[in-house]
Amino acid sequence: QQRSRAAASNAFTAEIGLLSSLAVPRMSARQEAAAGMLPPKPIKKGTCRSVPPLNERQLATGEVQSLSNYGKLTLPASSTGHAGIKEMQISRKSRHESEIEAYNLRRTGLEVDLEARTGRAGRDFRKLLALNDDELDAVFDELADDFLLDMEVHEVDDAWERIREEGVRRDEWTSRFEEDLEAIEQERRGLADAEMSKLTDALLGIAHMLPSDVELLLEGMAHEINLIILANREVHARLCAKLRLREVERKTEHRARWESRLLSWRQLRHAHALGCFKLQLHQPHTVSPPERAAALAALSRQQADFQARREEIMRSLAAIEPPDLTAFAAAAMSAQLDALAEEEADAEASRLAELRAVEDAMEETQREAVEFLRGRLLHFGAVEPSTVDAILAAEAEPLLVRRRREALHVITCAAASLRRQRRRLHEHALGLARDFVRAGQVFDVHTAETALVYEAFRDDVAAVRARSELKDHQMEAELDACLMRMRRAADKAELQRETQAAMGLLDDIQHGYRSMQSEAVDIVRQHPANVDGVLTGLHARICSSLDLRPRAEYAATAGAAAAGAASGIAEASGAAGEAGAENSEGGDGEDGEIDEDGGGQLGGGTKRLDGEEEDLEATFGFVFPEKMRAEELLEDELAGLQSREETAGEEPNRMLVTTAGGAEWQMLTREERETASMAGDETCIGDVPPPETNLQPLSEAARAERTSLALEGGRVGLTVLLVPSELSLRLRLGLAERCLSYHEAHAEAMRTRAADEADEVTAQLTLELDERLMAHQPRPGRVSTKILAERDEELLAHRERFMRHVKALRARRAQAGRAGDAAQATWRAAEAEHLAAIDKLSAALRLEKNVHAPTLLRLQREADAAHATYKAALEGRRGALVGSADGTLSALREFNAGFAATWHDFGVGGNFHAVERERFLERLDEQAAEAEAEAAAAREKAAALYEAQVTRADEAMDAFRAVLELNMEDVKMLEGLRLRQGQASADMRLVSTASAAQQVAIDQAIARAESLLGGLAGRANPAVEAGTASGSGCALLSAEAEAAAAGECGGGAALDVMWSLDALRVMVMQRARLLEVLGSTAVPESPPSISLEPPREGEAAPAPPAAPPAIPGSDVLAHGTLRAAIDAVRTRHEARLVAYVEGYYTAKGEREISRPSFIPASMDEFRAKVGAMLAEMVEKAQADRVDATIVFREQLAYLKKTLAHFGPAVFETVAAGCRAAAAHAAASIKASHAPLTADLLRKRESHRLALKPALRNPANTAQRLALEQAEEERHKAAIAAAAELRAALRLSEQRHADTLLRRLPHTAAVVLGLLDGTLQPEDISEAEAPPPPDRHYGIFKQMRIQARQEAAAASEDPPMTGRPFKAHTWAGTPLRELLAPAEEARASATEGQEPGVAPPVHGAEASKAATEEASPPLTGCLARPQRLAMAARDRVYTSYRMHFEEQLQAIAKAADEMLRAERMWAANFTKQMVMLRNEA
């Protein structure tokens, strides 16, 4: 306590304390307590601690410190002249100067170290800025015009976000750089404070200068240091201000540059969208839609179908032959033609409505495209919305209006052409039908005249007969009255008189019979002449209606006309030439109009079409003259159609008609009919319409030119159908031939019939007269023999009664016979039914639809059952028939006995004579004998019929079995043939299925690759973040993250992706070869071995963990190509089928084939059928191949999109793996150094705690020396540990950077090789493979496609040999940029290094073997996947380079912080030790 008070009252001590308080920052009491030594432990109660006494030095020091500092004492005289004091002063001065010099040396070293650290911080900051500038330049390179067309607005915005994020990172780096500079200055201040404190203690201990002088000296030194610190801070502040100002300027510049790129994007997309829209409007699918072409083709087919039906109706007219040829029948055909015309008009209206609907749909599509374009232009925002509407109105709307107008013009032309053609064809058919109607009218008139002739004939004969019958009835009435008077005569005279009168009346009746017969015969003899007149009129009307003349008469007339016409040929030709010249000079007058019906040219003037009947052809997008060549040719053709159709085949030699009887008639041509009409010859002019035109047919050259124009450009137009003039001529000639032939046969038959009818009626009249006379002859005798009437009546009654009995017997016998015949008829019906059933089963056997053996066996069972049943029923019917015959015979005998019992003689009161009775009995016995004979005959007939029917049934069954055997043989052959055909179909389906399986396998492989790529994208970022956090000194990786990082370092995911792409490449190549669509000839077959690093000598490339999946269908498609596999299946099965059927034809011989629809007649036909069947299979398989080719093209297109993500994913995965591995290694290194660091910290804490006892007992020199030695060893160990950790971390980063530099060039070569070896859509041969379906891409897609095409066209790279790409060379990867600074590496390796331990080698020394500046350049196809992959390689390298520099700076900063903290502790500890030594 006394010492404390003395120290507190010492003025020097107070000044030193004041200086110390000014030199160090102010601290609170709590901080001072925490920074000070721990309080001493209390002594146990009841114990005492001895305090060591003060030594002499301590006492002297205390005394000196207690002296006053003002006033000077005068030294007393000394014997030595104060030599000791002088020596002491000299020694103090020397020590004083030595301390100041040591201080200056330490300060100089400190300044050098701090300046080096400041320079390193500046260089690191500048390097980061340079790397960031490269990153920003890469971002702006991605915003070039070539890439802008492929980007959307969100991608441009994302680019700005990336630029803004880089600005934020630069701001963070600037702030961090400012903090580092401030930390260096703070460290300068702290180290200077420590050195000055050390110097102050030393100078005060030396006491060469007074404390006030020392204070002044230290104040100058402190002022100098403060000036340096302030100057440095001013420079640092000015530098950071300039950096921030430059950063603001850079941000402004980048913002303006990005906005310029955004404006360029808007303008480019705007112009490109408009261009694509205009291009789309001029595309073939818009100008001439396939739907419209299909509708026009359907219209053409519909025209042909209706014309075929019309011609079929016209041909059906030929089936109406006399006498069925009537006006009503022909009119019915005309009605059918009218109905067909109406139906055709309705169908055409429907088709035209479909055309309009197609046009409406196309118009709606285009309007939607305009609206979509409007939306896109508004979205691009290159111009104002009002300007967008003006642009669309000026550039898009006129194109739409023009397209709409021309499309509607096509439909109008089609409708007019259809209407004109339908009317022309229909009127021609009606004209032909009118010819048949006129012929029918002729035959109707003939039928009516014939009916009138026969009716008059019948009426005349009936009138004669009626008059004769009336007269005969009057005379018969007089005769009856006379006979009545004779029976009632009173006497014999009266009886005689009446008898004579009766005889006279009988003579008159006989004479009336003869007169009636004579008059009727005269009428009958006139009948043939009347019929002949009717036939003559029929012949004349036929010739008149059909313009027919006898051949001889026509020849004579033609010869006479030829002589008269020869003289007028020259005059007629001259007049025709003059008329043609006049017509050609005339305008569009009446002579030049087109006939509306025929569509022909009436005059020779300028040709023109009617306003309502447009031309058949129409085009879009072209402007033609008002009268196109195609239109003129079409008018010429339409003008010549009528003439050619009506005059075709009307040469005189072809108008000859030969009847069935050999008569020759000449049908007059149109010119001959006109000549006959002008001459007034009405003999052969019928009711035919006059010719409408006099036109010439179209020449063959004009028709060829017309056809070529109609088919120009591949457009599908309507078909011009010609009037079937040849058919009409044949029908008219056939009608004339049938009518004349019918007239010949009919006239002969009618004349013969009339003669026969006359003869027959005459014979009938004669026979009637004979019958009347014969019936009249007995009447005089009956009158004279009236007395014998009674007896005659009795005998007649007996005879009649017997005859009735005999008749009854015969009726019973006949009934029994009929019953037997009926029974036998039943037998025959049953037999017929049975045979019909057998025949039906036989027919069923022969049915070609029954081609299965079970069906034939079922028919056999049915036939066997029917045969057995029929025989059993036949046996029962035979027994029933024999019993019926025996019963009928017994009944007849009983009936005769009963009839004979009714005959009574005259003696018993009857009226029979005995002789008469005997004669009747004999005749009854004859009837009984006949009945017995009939019964025996019935039994024999039944037996014979039974045998015959059984025989026929057996024969039918034998025939059925023969048919069954024949059909069974053919059916079995067909079943075997079907089996082999099924095998062929199955093999063909196997080929198609194998191809489809390959297609599915490719889809699955693409999906698997996409899944792997998605997995890479999901795993890359966490690894990068983990590596960055760990490298920055943040929390270490978790166990899962470390495992993932280690796996990524091995590159398993990247290898999986590359292996999957290699397998996909092989599958795609095999698929292309299978489909034979590979157009490129130089596709690499074997890309580089897949690995992340170049394999060392003797080391194989890593193999995939699992073998690549086998390509489905390889065994089926072993022939290499799908076409070869199909041909192989066809060849194999064709040989098998032919070999199988050859045996059948050999065994068949000459017999008839039961299934001709299924089995050809000969082996050659069967070969042809098998060839056709296999050809159909092959055609279907080829169609599947075409579909597979189309799908394959789509797969390649989709694969190309997937390949665009392949390279970036692989490179980012490799870089992420290296980052994660580096982070994992850094975490492991820090974890391995953590125990040593913790141990050193514990030692430092124990040394701090050991200072308190030493401070309380400064005289304990041993304890102090031991503590100093221990702290010195700990300090060296801490410095060495910090340096070793820094060196290890740098070495780890360098090692992983070297790994990246090894992997990145090699992986780039592998990726480029895989991409070059993978087929792309451009490698497909357009000639071999069918083109993909016509897809109408949106404006976005079209703009991107066009931009890529323009960029490819503008490239100066040489084309690749054998592939449709250009060969582009990309620069290699720099190899000497990822290096730790050489001087820092050596410093860090030697600083604090223990003796005997070699420093770690890394940085420049580790890369001395790398003599190359960059990896070799890579050459590959200039395609989008390759471009994106190489761009990703450069981007990944730049990103990793920036990450590498950040990690090195973070490591250096962490090491510097550790070393600075250790130096501060060492300085403070040294200060405490000095204080202890001074106190001691």
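Since the structure is predicted, the reported quantities are computational estimates derived from the model, not experimental observations. (Residues numbered from 1 in each chain as written. Predicted model: local features only at pLDDT ≥ 70, side-chain atom pairs only at ≥ 80, totals over all residues. Heavy atoms only, no water.)

### Overview of the packing of aromatic side chains
Inspection of every chain in the model, using the stated rule, returns six aromatic pairs. Look at Phe 125 and Phe 177: their rings are 4.7 Å apart centre to centre, the planes differ by 10°, and that puts the pair in the stacked class. Here Phe 125 is found in helix H5 (residues 83-141), whereas its partner Phe 177 is found in helix H7 (residues 153-206), with 52 residues between them in sequence. Taken as a pair, Phe 125 and Phe 177 share a single burial class, namely buried. Aromatic side chains Trp 1465 and Phe 1469 sit 6.0 Å apart centroid to centroid with 35° between the ring planes, which places their arrangement in the tilted category. (Phe/Tyr/Trp six-rings, centres within 6.5 Å; stacked < 30°, edge-to-face > 60°. Helix = DSSP H or I, 4+ residues; strand = E, 2+ residues; numbered from the N terminus. Buried < 20%, exposed > 50% of the residue type's maximum accessible area, 1.4 Å probe, protein only.)

### Things to note about the nonpolar core
Across soluble globular proteins, nonpolar side chains have a tendency to be buried as a group. One finds Met 1058, Phe 1192, Phe 1206 and Phe 1211 to be the most contacted residues of the largest nonpolar core, which totals 85 residues. Breaking this core down by element, the ones donating at least two residues are helix H23 (914-1031), helix H25 (1052-1075), helix H26 (1122-1148), helix H27 (1163-1203), helix H28 (1206-1256), helix H29 (1261-1317) and helix H32 (1424-1479). With residues near it in sequence (within four places) discarded, Phe 1192 still touches Ile 1002, Val 1068, Arg 1071, Ala 1072, Leu 1075, Val 1077 and Ile 1324. In this structure, Ile 320, Leu 548, Met 667 and Leu 729 belong to the second largest nonpolar core, which totals 39 residues. (Core = buried A, V, L, I, M, F, W, Y, C linked by side-chain atoms within 4.5 Å. Contact = heavy atoms within 4.5 Å.)

### Let's talk about the sheet that holds strand S1 (residues 548-550)
Here three strands make up an open sheet; going across it, the order is S1-S3-S2 and the pairing antiparallel. Pairing within the sheet leaves two strands with one partner each, and these edge strands are S1 and strand S2 (656-658). Averaged over all adjacent pairs, the angle separating strand axes in this sheet is 35°, with direction ignored. Relative to strand S3 (residues 664-667), S2 runs antiparallel, the two being bridged by three bridges. Bridging from a neighbouring strand, Thr 658 pairs with Glu 664 of S3. Contacts between helix H19 (residues 725-776) and the sheet are confined to S1, S2 and S3, with S2 contributing the most and set at about 35° to the helix. (Pairing = 2+ DSSP bridges. Axes fitted to C-alpha atoms, helices over the stretch in contact; angles between N-to-C directions.)

### A few points about the confidence of the model for the protein chain
Across the protein chain, the average pLDDT comes to 74, with 73% of residues at 70 or higher. Counted against residues more than four places away or in other chains, residues 32-41, with its pLDDT under 50, gives 14 contacts. Confidence drops under pLDDT 50 across residues 787-792; counting only partners more than four residues distant or on other chains, this segment forms one contact. (pLDDT = per-residue confidence, 0-100.)

### Some details on the pattern of salt bridges
In the structure shown here, the tally under the stated rule is 69 salt bridges. With a shortest N-O distance of 2.9 Å, Glu 178 and Arg 244 are connected by a salt bridge. Of the two residues, Glu 178 sits in helix H7 while Arg 244 sits in helix H8 (residues 211-281), which places them 66 residues apart along the sequence. Note that Asp 1239 is salt-bridged to Arg 1242, the shortest N-O span being 3.5 Å. Within this pair, Asp 1239 and its partner Arg 1242 are both found in helix H28, separated by three residues, close to a single helical turn. The exposure class of Asp 1239 is partly exposed, given its relative accessible area of 26%. Arg 1242 sits in the exposed class, given a relative accessible area of 53%. The structure contains a network of salt bridges with shared partners spanning Glu 359, Asp 360, Glu 363, Arg 367, Glu 397, Arg 403 and Arg 404. (Salt bridge = Lys/Arg side-chain N within 4 Å of Asp/Glu carboxyl O.)

### Notes on a negative patch on the surface
A cluster of acidic side chains, namely Glu 918, Glu 922, Asp 925 and Glu 926, defines a negative patch on the protein surface. Locating Glu 922 in the fold gives a position in helix H23. (Patch = residues over 30% accessible without salt bridge, like charges linked within 9 Å, V, L, I, M, F, W, Y side chains within 5 Å. Areas by Shrake-Rupley, 256 points an atom, 1.4 Å probe, with all protein chains shown as cover. Lys, Arg positive; Asp, Glu negative; His and termini not counted. Charge placed at Lys NZ, Arg CZ, Asp CG, Glu CD.)

### Brief notes about the packing of H25 against H27
Axis separation between H25 and H27 bottoms out at 11 Å; the angle between their running directions is 155°. It follows that H25 is roughly antiparallel to H27 by the angle criterion. As H25 packs across H27, the resulting crossing turns out to be left-handed. Contacts between H25 and H27 pair Leu 1061, Leu 1064, Val 1068, Arg 1071, Ala 1072 and Leu 1075 from the former with Arg 1185, Ala 1188, Thr 1189, Phe 1192, Leu 1196, Leu 1199 and Leu 1203 from the latter. Grouping the constituent residues of the contact of H25 with H27 by class yields ten nonpolar, one polar and two charged. (Parallel < 35°, antiparallel > 145°, perpendicular 65-115°, else oblique. Left-handed = near helix turned anticlockwise from the far one by under 90°. Nonpolar A, V, L, I, M, F, W, Y, C, P; charged D, E, K, R; others polar.)

### Things to note about the environment of Arg 315
Of note, Arg 315 is situated in helix H10 (residues 290-317). Dropping the residues within four chain positions of it, Arg 315 is found in contact with Leu 727 and Leu 731.

### Quick notes on H7
Over its 54 residues, H7 extends 79 Å from the first C-alpha to the last, a length consistent with the 80 Å expected when each residue adds 1.5 Å. Ala 207 lies just past H7 and shows a positive phi near 60°. (Expected span 1.5 Å × (residues − 1).)

### Details of unusual backbone geometry
Even without being glycine, Ala 207 reaches a positive phi, approximately 60°. Within the fold, Ala 207 resides in the loop between H7 and H8.

### A closer look at the packing of H25 against H29
With their axes 9 Å apart at the nearest point, H25 and H29 run at an angle of 20° to one another. Between H25 and H29, the angle is such that the two are roughly parallel. Regarding H25 and H29, the two cross each other, and that crossing is left-handed. Two secondary-structure elements touch here, H25 through Met 1058, Leu 1061, Asp 1062, Arg 1065 and Met 1069 and H29 through Thr 1307, Val 1310, Val 1311, Leu 1314, Leu 1315 and Gly 1317. Taken together, the residues that form the contact of H25 with H29 break down as seven nonpolar, two polar and two charged.

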